[in-house]
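# Survey of secondary and tertiary structure
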Amino acid sequence: MNRREAIKRVGLLFGGVLYAPAVAGLLSGCRTGGEAAFTPRTLTPEQNELVVHLTEMIIPETDTPGAKAARVNEFVDLILTDWAPAEDRDRFLAGLADVEARSQAAYQVAFLEATPEQQVALLTQLEDEALAAPPSPDGQPFFLMLKQLTLLGYYTSEIGATQELQWLAAPGRYDGCAPLEEVGRTWA
């Protein structure tokens, strides 16, 4: 599968709407910093930890690695640094601050110190608000932006493409109507 096909498939996950700077970054072949220690360029260390946790909540580790293992936070930082317009970057960072503010207001603790149930309740509230919001010329709500970046970063990572999805370099034949029970996982 090539990059265009991966983007097309991820686009279908979102109903055809993708965060344009993320797509531009993928099409240009953006790469994270490799195996070297990651130092975020746009996110602060605290914001990076929050993004690691939020993305892992969106795609948790199950029988396959989650967003944290796929280093989706590095993808998010790269897109925010090299591809996102300043207004999108600012909206994303304001969204992270809003998550912290909502956690403090509701539970009197930082989001990372809240219980898992409190964290899920807060993210559910953010998602419900984002889905109910009318389209805005100012861009997508923070939570939809985070979710799109998480899915795009995960499913275009080696872990997402080879461990979560099935990968076969040279398939023998195409069977477009096989029941999922017979094939197990979606193909990359």
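A brief structural summary. (Residues numbered from 1 in each chain as written. Predicted model: local features only at pLDDT ≥ 70, side-chain atom pairs only at ≥ 80, totals over all residues. Heavy atoms only, no water.)

The next thing to look at is the packing of helix α3 (residues 45–58) against helix α4 (residues 72–82). Contact geometry for α3 and α4: axes closest at 9 Å, N-to-C directions at 120°. Between α3 and α4, the angle is such that the two are oblique. Seen from above, α3 lies across α4 with right-handed handedness. Along its contact with α3, which presents N48, V51, V52 and T55, the element α4 presents V72, N73 and V76. Residue classes in the contact of α3 with α4 are distributed as four nonpolar, three polar and no charged. (Axes fitted to C-alpha atoms, helices over the stretch in contact; angles between N-to-C directions. Helix = DSSP H or I, 4+ residues; strand = E, 2+ residues; numbered from the N terminus. Parallel < 35°, antiparallel > 145°, perpendicular 65-115°, else oblique. Left-handed = near helix turned anticlockwise from the far one by under 90°. Contact = heavy atoms within 4.5 Å. Nonpolar A, V, L, I, M, F, W, Y, C, P; charged D, E, K, R; others polar.)

Moving on to the packing of aromatic side chains. Across all of its chains, the model carries two aromatic pairs by this definition. Measuring from centroid to centroid gives 5.0 Å for Y154 and Y155, while their planes differ by 90°, and the two rings are edge-to-face. Note on accessibility: Y154 and Y155 belong to one class, buried. (Phe/Tyr/Trp six-rings, centres within 6.5 Å; stacked < 30°, edge-to-face > 60°. Buried < 20%, exposed > 50% of the residue type's maximum accessible area, 1.4 Å probe, protein only.)

On their own, these measurements won't tell you what the molecule is for.
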